Amino acid sequence: MASLTLSSSSARARFGFLLTPKALFGLTVLSALVICGLFAPLLAPFDPAKQDLMRAMIAPQPGGPHVLGTDHVGRDLLSRLIYGARVSLLIAAAVVLFSGAFGVALGVVSGYFGGRTDSVIQKFLEVFWAFPPLLLAIAIVAFLGQGLGIVILALASQRWIPYCRMSRAEAMALRDREFVVAARSLGAGHLRVLWHHILPNILPSTLVVGTFAMATAIISEAALSFLGLGVPPTIPTWGGMLADARSYISTSWWMALFPGLCIFVTLLGINLLGDVLRARLDPKIRNL
Amino acid sequence: MTMMAGFHGLMAAALMTGASSAALLAQDMTDKRISVAITETIAGYNPYGDAVVLVGSIWCQVYGCLMRYDFDTGRPIPYLAESVEPETDLTWIVKLRPDWTRHNGEPVLAEDVVHSIDRVKNDPASAQGFIVQPIQSIEVVDDLTLRITTDEPIATLRDNLTLIHITSKKQFDELGEQSYREPVGAGPYRLADLSIGSHMVLERIDDHPMISPTNPKQIVFRIMAEPEARVTALANGEVQIAQGIPPQLVDRVEQLPNAYAAFANSVEMMFLAMNPSTAPWDVPEARQAVAHAINREAIVRVLLGGRATLLDGPVGPGQFGYDAAFRTPYDYDPVKARALLESKGLLGVEVEFFTPVGRYTLDRQIAEAMVPMLEEAGFKVQLQTPEWASLWSNVQAGGVPFYYMGRGQMLDPSRALRQYFETDGSPRLDYSNPELDALLRAERGEFDTEKRYDLMRQAIAEVTQDAPAAFLWLHQMAWGVADGVDYTPRQADRVDGWDIHIR
Amino acid sequence: MLGYTVRRLFGVIPVLFLVSLLVFALMQAAPGDPVSMLISDEASAEDRARAAEAWGLDQPAPVQYLNFVRNALNGDFGTSFRYREPVMALVLDRLPATLELALFATLLAVLVGIPLGVLSAARPNSVLDSIGSVVGFFGISMPNFWLGIMMILVFSGYMNLLPSSGREPWGMGLDRVTGFLTLDAVLQGRWDALAQALRHLAMPAIVLGTSMMGIIMQVTRASMLENLGEDYIMTARAKGLSGRTVLWRHAFRNALVSVITITGLEFGALISGAIIVETVFSWPGIGLLLIQGITFRDFPLIVGLVLIYTSLFVLMNLLIDLAYSLVDPRIRMR
């Protein structure tokens, strides 16, 4: 955050890479998502839960009250998409935050201390890593029940792994560097070294991993909702809307098209942004 | 032996169906194959191990059952049995047909029936123990005659006997469980192939008495869970009969150039159950308010495309105990519903409302549509949509106070009413009404159909009035059928080969 | 190398135990019991008790787990509650379907992704490169279930071009030898059956392979660009080798390590993606079996399937490591 106080010319040098079309597209999508999430009640033309059986399955009509049409119980599709952004964003942010914190903490400790600590943590990682992606999440949601918290837990259950691997590798490389050794010899405790010297150096890579993790979280949440294993179906989510639409696909195409497009565009934006960040901040990182 | 059996079979066919003599020539029989897209899964080879009604009906076509339903009259009629008649209040005499044989030419014997009932009861894999629950003992009188003793008078025993597959004792003694893999049945079809969870193939027994020349030579039952996939498959000619066409797709089927939609009332009552041992459902007015609050007409019209029959009690047309003149006292009246709640100071009472998802036609969508209606009446509703496994286990254990549910297999509602509404019938509703108990007990012990009908009507009126459940509707089940195939879907979810005719 | 492989294989065993323990613990915590799911809703209390006893569910959870482990060590993974067949028999019966689907999806991803990546890298910022990038980003951003639904709607629904679900029409009369329908058809010279199998495979394989294709394209392009900037490429060019030779023989050979790595890593995502694709297309593989197993709380089946998925994934990772040393002899396996 120190960069905010820098002069504008140096800021342009540092952040100019964010002005490429790719990055701009990604930023626009992400900001749109955040705005929708924060201001959903103001933006949505209708209450997303408000049903009107008399106005069920109205086709999209530009200029009409229901721009993107209505669903099978007469709820406004646009409003539900806007509120759906909120859930997607909330889940993605929570998953990225929790799994990031957990993964980085574990990885840094593992890499910094090495030895026994490292091998125990790596064994632990191996068990979770042994599950193909999504399988563990399916198992957790299926067995622990539906709920926002459980979905977040389920998705975070494996997303911490890339952070852990990345930060372990970086911590291993950093622990023998001069400034770390110097800090230790000046009597700094382990915690202090980790916090002040190791962590700040890992942040750029974490940001890159986090961006891609967000994309994964959004698509996984949608997939779980689609399988009927997501958040309770009364909460509007894009994946859940798609699952609903499956029964109406040949009669009301808009119910399937728009939520799918929302997921697609969001992922596209995040992936593009992630790509730009990766190229700039840490070209070493590939899909972890 | 086989030749003889075949000859007898043909004679019987000619006599029974009055088929023309041309039917006697195998070459005139159709060699068409019919594929049927079904929604449920197939559990395996053990005919006693499947709790799915449709799969049970498939095994009945292979092994044969003692009785079967005549859907035109709504009564069970003899199938492998020649007759099933009450001897005393507690005993029944079953006579087997002397002239029908298994596919290998061996006769169906009394010991097979004893063996089969034993399997239903004692096979650890059996999912059907309830069918034989009232049967206390069964004894062989002679090779073709049995005596069944029940522990209380059960007028509906014949109904139970439509569900028991008669397997061969000899086969089982020789091969054990392995005998299920190559069933030697006595039904009009033989099992040609089975792939667990995927498909099942039947092949016609040409000389079986129940077969007519227009019945398909092969029937392939294919599991297709997705409704869209079933309709698409019907459109491409991949399947000729498609089960479970949801209301929103009926129009699409009707517009297909190569198929049509056919309808059958289900015998599955859809209802809202309210457990009277939990608050606020211990207050009759709260239950009545629910019954008044639901705008059933609107739900049926919009969500179900009109494809449902509103219920005035637990049964509808074609089910035993139905009285066309009987009307439920609970019409749609939101004002009255609110007044009822208000009279007991329950306005704004919080209730949790549970619904299955994807179990019944548009279940969640329907429940969602009910929420604003209940709220208008003054309830504060929290809609819960647990996964089926947890909901169903919990309902059976009596842990769910208020839920949307269906109860199938109600051609004769006797067992279902006992299960849900009789004291100690099951924990799922925890409802107790001595008057109703007495009526239900009397009803199932009454062998005179007219008198029994009268008792059943009274029981139905009583349970409707007291409203431990709000009875909603019977779904009208839509089936897609290809042109060139004559098939009238039946009330229960079953597809019998002898009901399908190739034009 | 052999020693390394053996050691890695033995290393898998404790991981599988921990995985099974984790799944077991999850199932114990789960609401909903198998007895209610699997026997008729009219069953009496005695019927339930008998079913629970037959399935060993009357035992305390730790005993159940120990029984499972003991039997598993003898190669017996139990009997499915719902299907009453040995779990391994059920799984092995369905496994070829999933593997065939995964294989074709991978093939598709590799055959489209790699050339696209190489050609994009050969002319950065050209039209081809832009197309490649678009395809790559679209691929990784496309939710597969949505693509599946849309393809069914268009190709089966409107155009009646491809079958909407399943793996084969019944009655092809093809003998099962390998369980891979395409291979069986070729072995028996049944070209009609091969055509049918491919028609059924087309949509699910495309849907499943799309995301992998995008990733492979991106990784190929990135490592190609990296390699093309290296000195030895300059040297090769200076020696007068043709552009094509340099591109494929030299730069691509070195980029192959990253491509293999990513293909292997993505294989995990692919087989779990198959769970969703199998659901959409009613593909009779182990993914569909898993979802059905979860619905019915079929504990032995679920544990068996999770173990199969895990083993597949772990084995794949081992294969990748071995493949490295083949592609790049400098990498020594310790």
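It should be emphasised that the depicted structure is a prediction, and the values quoted were computed from it without experimental measurement. (Residues numbered from 1 in each chain as written. Chains lettered and ligands numbered in written order. Predicted model: local features only at pLDDT ≥ 70, side-chain atom pairs only at ≥ 80, totals over all residues. Heavy atoms only, no water.)

Of regular secondary structure, chain A possesses 10 helices and 0 strands. Going from N to C terminus, chain A has its helices and strands arranged as α-α-α-α-α-α-α-α-α-α. With the C-alpha coordinates aligned to their principal axes, the bounding extent of chain A is approximately 75 × 50 × 25 Å. Taken across its 288 residues, chain A has 56% of its residues classed as buried. Pairs at least 24 apart in sequence give 70% of the contacts found in chain A among residues at least 6 apart. Taken as a whole, chain A presents about 12,200 Å² of accessible surface, with 69% of it coming from carbon and sulfur. Taken as two groups, the 22 positive and 13 negative side-chain charges of chain A have centres that lie 6 Å from each other. (Helix = DSSP H or I, 4+ residues; strand = E, 2+ residues; numbered from the N terminus. Buried < 20%, exposed > 50% of the residue type's maximum accessible area, 1.4 Å probe, protein only. Contact = heavy atoms within 4.5 Å. Areas by Shrake-Rupley, 256 points an atom, 1.4 Å probe, with all protein chains shown as cover. Lys, Arg positive; Asp, Glu negative; His and termini not counted. Charge placed at Lys NZ, Arg CZ, Asp CG, Glu CD.)

Okay, the nonpolar core next. Counting 330 residues, the largest nonpolar core has B:Phe353, B:Phe379, B:Phe421 and B:Trp473 as its most contacted members. Counting 16 residues, the second largest nonpolar core, distinct from the first, contains B:Ala37, B:Ala235, B:Val239 and B:Leu249. (Core = buried A, V, L, I, M, F, W, Y, C linked by side-chain atoms within 4.5 Å.)

Residue and element names in this part refer to chain B. Per the stated rule, a full pass over the model turns up 10 cavities of 30 Å³ or more. Lining the largest cavity are Val 53, Tyr 69, Phe 71, Asp 159, Thr 162, Leu 163, Gln 409, Leu 411, Asp 412, Arg 415, Ala 492 and Arg 494. Residue composition of the lining of the largest cavity, grouped by class: 6 nonpolar, 2 polar and 4 charged. (1 Å grid on protein atoms, 1.4 Å probe; cavity = no way out; pocket = protein on both sides within 12 Å on 5 of 7 lines; lining within 4 Å. Points joined across faces, edges and corners; volume = space filled by probe spheres on them. Nonpolar A, V, L, I, M, F, W, Y, C, P; charged D, E, K, R; others polar.)

This brings us to the UniProt feature "domain: ABC transmembrane type-1" (unreviewed entry) in chain A. UniProt marks residues 85-274 of chain A with the feature "domain: ABC transmembrane type-1" (unreviewed entry), using the numbering shown here. Here residues 85-274 of chain A is 83% helix and 0% strand, with 19 Å between the C-alpha atoms at its ends. (UniProt positions renumbered as here; feature names shortened; annotations may be inferred.)

With 41 residues of chain A at the interface, the matching set in chain C holds 48 residues. Summed over both partners, the interface of chain A with chain C buries about 4,000 Å², with 82% contributed by carbon and sulfur atoms. If you look at where chain A meets chain C, you find 0 salt bridges. At the boundary of chain A with chain C, the tally comes to 3 residue pairs in polar contact (both at pLDDT 80 or more). Of all the secondary structure elements, the ones that give two or more residues to the side of chain A that touches chain C are helix H4 (115-130), helix H5 (135-144), helix H8 (190-226) and helix H10 (253-281) of chain A. Looking at which element gives the most residues to the side of chain A that touches chain C, the answer is H10(A), with 11 residues. Broken down by class, the residue content of the side of chain A that touches chain C amounts to 31 nonpolar, 4 polar and 6 charged. (Buried area = accessible area lost by both parts, 1.4 Å probe. Salt bridge = Lys/Arg side-chain N within 4 Å of Asp/Glu carboxyl O. Polar contact = N/O pair within 3.5 Å; in protein donor to acceptor, adjacent residues only side chain to side chain.)

The next point concerns the confidence of the model for chain A. Residues and elements named next belong to chain A. Summarising the model, chain A shows a mean pLDDT of 85, and 93% of its residues fall at 70 or more. When mean pLDDT is taken per element in chain A, helix H3 (residues 77-113) scores highest with 93 and helix H1 (residues 8-15) scores lowest with 61. Here residues 1-7 is a poorly scored stretch, pLDDT under 50, and it has 3 contacts once near neighbours within four places are set aside; other chains count. (pLDDT = per-residue confidence, 0-100.)

All names here are of chain B. All told, the structure shown has 39 salt bridges over all chains when counted by the stated rule. A salt bridge links Glu 228 to Arg 252; the shortest N-O distance between them is 2.8 Å. With a gap of 24 residues between them, Glu 228 in helix H6 (residues 227-235) and Arg 252 in helix H7 (residues 247-255) connect regions that are remote in the sequence. Residue Glu 228 shares its accessibility class with Arg 252, and that shared class is buried. One salt bridge connects Asp 454 with Arg 457, and the closest N-O pair in it is separated by 3.7 Å.

Our next topic: a nonpolar patch on the surface. Together, A:Val34, A:Ile35, A:Leu38, A:Phe39, A:Leu42 and A:Leu43 give the surface a local cluster of nonpolar side chains, amounting to about 590 Å² of exposed area. The residue A:Phe39 is located in helix H2 (residues 21-43) in this model. (Patch = residues over 30% accessible without salt bridge, like charges linked within 9 Å, V, L, I, M, F, W, Y side chains within 5 Å.)

Moving on: the packing of helix H14 (residues 434-444) of chain B against helix H15 (residues 449-466) of chain B. All names here are of chain B. The interhelical angle for the contact between H14 and H15, taken along N-to-C directions, is 155°, at an axis separation of 9 Å. For the element pair H14 / H15, the angle class is roughly antiparallel. Along this stretch, H14 crosses H15, giving a crossing that reads as left-handed. In contact with Glu 435, Leu 436, Leu 439, Leu 440, Ala 442 and Glu 443 of H14, H15 contributes Arg 452, Leu 455, Met 456, Gln 458, Ala 459, Glu 462 and Val 463. The residue inventory of the contact of H14 with H15, partitioned by class, reads 8 nonpolar, 1 polar and 4 charged. (Axes fitted to C-alpha atoms, helices over the stretch in contact; angles between N-to-C directions. Parallel < 35°, antiparallel > 145°, perpendicular 65-115°, else oblique. Left-handed = near helix turned anticlockwise from the far one by under 90°.)

For the rest of this paragraph, the subject is the packing of aromatic side chains. Inspection of the entire model under this criterion finds 35 aromatic pairs over all chains. Between the aromatic rings of A:Tyr112 and A:Phe113, the centroid separation amounts to 5.0 Å while the plane-to-plane angle is 85°, which identifies the pairing as edge-to-face. Exposure remark for A:Tyr112: the relative accessible area of 8% places this residue in the buried category. Given the relative accessible area of 37%, A:Phe113 is considered partly exposed. Considering the side-chain rings of B:Trp281 and B:Phe402, the 4.6 Å spacing of their centres and the 50° angle between planes classify their relative orientation as tilted. Here the residue B:Trp281 occupies a position in the loop between strand E12 (259-274) and helix H8 (284-293), and B:Phe402 occupies one in strand E16 (residues 402-407), the gap between them amounting to 121 residues. No difference in accessibility class separates B:Trp281 from B:Phe402, as the two residues are buried. Every member of this aromatic cluster is reached through a ring pair, and the members are B:Phe271, B:Tyr420, B:Phe421, B:Tyr431 and B:Phe471. Across from the ring centre of A:Trp129, 4.6 Å away, lies the NZ or CZ of A:Arg165, which sits over that ring. One Lys or Arg, B:Arg428, reaches over the ring of B:Tyr420 and ends 5.1 Å from the middle of that ring. (Phe/Tyr/Trp six-rings, centres within 6.5 Å; stacked < 30°, edge-to-face > 60°. Lys NZ or Arg CZ within 6 Å of the ring centre and 35° of its normal.)

The next subject is the pairing of strand E6 (residues 135-142) of chain B. All names here are of chain B. Pairing between E6 and strand E7 (residues 145-150): 6 bridges, direction antiparallel. Along E7, the bridge assignment pairs Ile 135 with Thr 150. Counted along the chain from E6 to the antiparallel partner E7, the turn is 2 residues long. (Pairing = 2+ DSSP bridges.)

Residues and elements named next belong to chain A. With numbering aligned to this structure, UniProt lists the feature "transmembrane region" (unreviewed entry) at residues 23-46, 89-114, 134-156, 207-231 and 251-274. Here residues 23-46 is 88% helix and 0% strand, with 32 Å between the C-alpha atoms at its ends. For residues 134-156, the end-to-end C-alpha separation is 10 Å, with 83% helix and 0% strand making up the annotated structure.

One pass over the full model with this rule turns up 1 disulfide over all chains. In this model B:Cys60 forms its disulfide with B:Cys65; the gap between the sulfur atoms is 1.8 Å. Judged by the torsion about the S-S bond (-90°), the B:Cys60/B:Cys65 disulfide is left-handed. Across this residue pair, the class does not change: B:Cys60 and B:Cys65 are buried. Unpaired in this structure, A:Cys36 has its nearest cysteine sulfur neighbour in A:Cys262, at a distance of 8.3 Å. For A:Cys262, a relative accessible area of 22% corresponds to the partly exposed category. (Disulfide = S-S within 2.5 Å.)

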